[in-house]
Structure formats: structure tokens, C-alpha cells
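Breakdown of the fold
So you can see what is in the structure, the chains are spelled out below.
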Amino acid sequence: MKAKLQVLEQDIATCIRDDVEYICITDIARYKNADRTGVIIGNWLRNRNTIEFWEFGSS
């Protein structure tokens, strides 16, 4: 059974790999709009802040 995080009365799946905890962005997007989950995730991935986080956060 996967661990769950409770946010705004919604369950968000989590997992831990190599001592790093990850959250399921699909669960978050589904809460925002269940019919457009893929579009929401695509927008997050193109967001300037997300791209900067990947570029500078991984150094």
C-alpha cells in the first residue's frame, strides 16, 4: 500500500526512493480538474518556474 498525504481533504500518493520523498503530481492535477489532468501537467512542465527549478535546483 502506497503512503498517502492528506491535502485539502484529498489523498495524494507519495513514495520514497533513495531517501527522497516524491509526491504524485497526477493526484494534484486530478483534484484541480479531473477532465483535464494531462493539460494541467503539461502546463506545469512548460512553466518557466518549473524549468528554472530543474535547471538550478539540480546543481
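The structure we're discussing is the one just above.
Residues numbered from 1 in each chain as written. Predicted model: local features only at pLDDT ≥ 70, side-chain atom pairs only at ≥ 80, totals over all residues. Heavy atoms only, no water.

1. Section: the sheet that holds strand 3 (residues 20-23)
- In space, the 3 strands of this open sheet follow the order 1-2-3, with antiparallel pairing throughout. The open sheet has two edge strands with one neighbour each: strand 1 (3-7) and strand 3. Adjacent strand axes in the sheet meet at a mean angle of 35° when their direction is disregarded.
- Examined bridge by bridge, strand 2 (residues 10-17) and strand 3 share 4 bridges and lie antiparallel to one another. (Pairing = 2+ DSSP bridges. Helix = DSSP H or I, 4+ residues; strand = E, 2+ residues; numbered from the N terminus. Axes fitted to C-alpha atoms, helices over the stretch in contact; angles between N-to-C directions.)

2. Considerations on the pattern of salt bridges
- As enumerated under the stated definition, the model contains 2 salt bridges in all.
- For Arg48, the salt bridge is made with Glu52, and the minimal N-O distance between the two is 3.5 Å. Of this pair, Arg48 and Glu52 both sit in helix 3 (residues 48-57), separated by 4 residues, roughly a single helical turn.
- Overall, Arg48 belongs to the exposed group, its relative accessible area being 57%. (Salt bridge = Lys/Arg side-chain N within 4 Å of Asp/Glu carboxyl O. Buried < 20%, exposed > 50% of the residue type's maximum accessible area, 1.4 Å probe, protein only.)

3. Observations concerning helix 2 (residues 37-46)
- Every buried residue of helix 2 is accounted for by Thr37, Ile40, Ile41 and Gly42.
- Buried-residue contacts for helix 2 involve helix 1 (25-32). (Contact = heavy atoms within 4.5 Å.)

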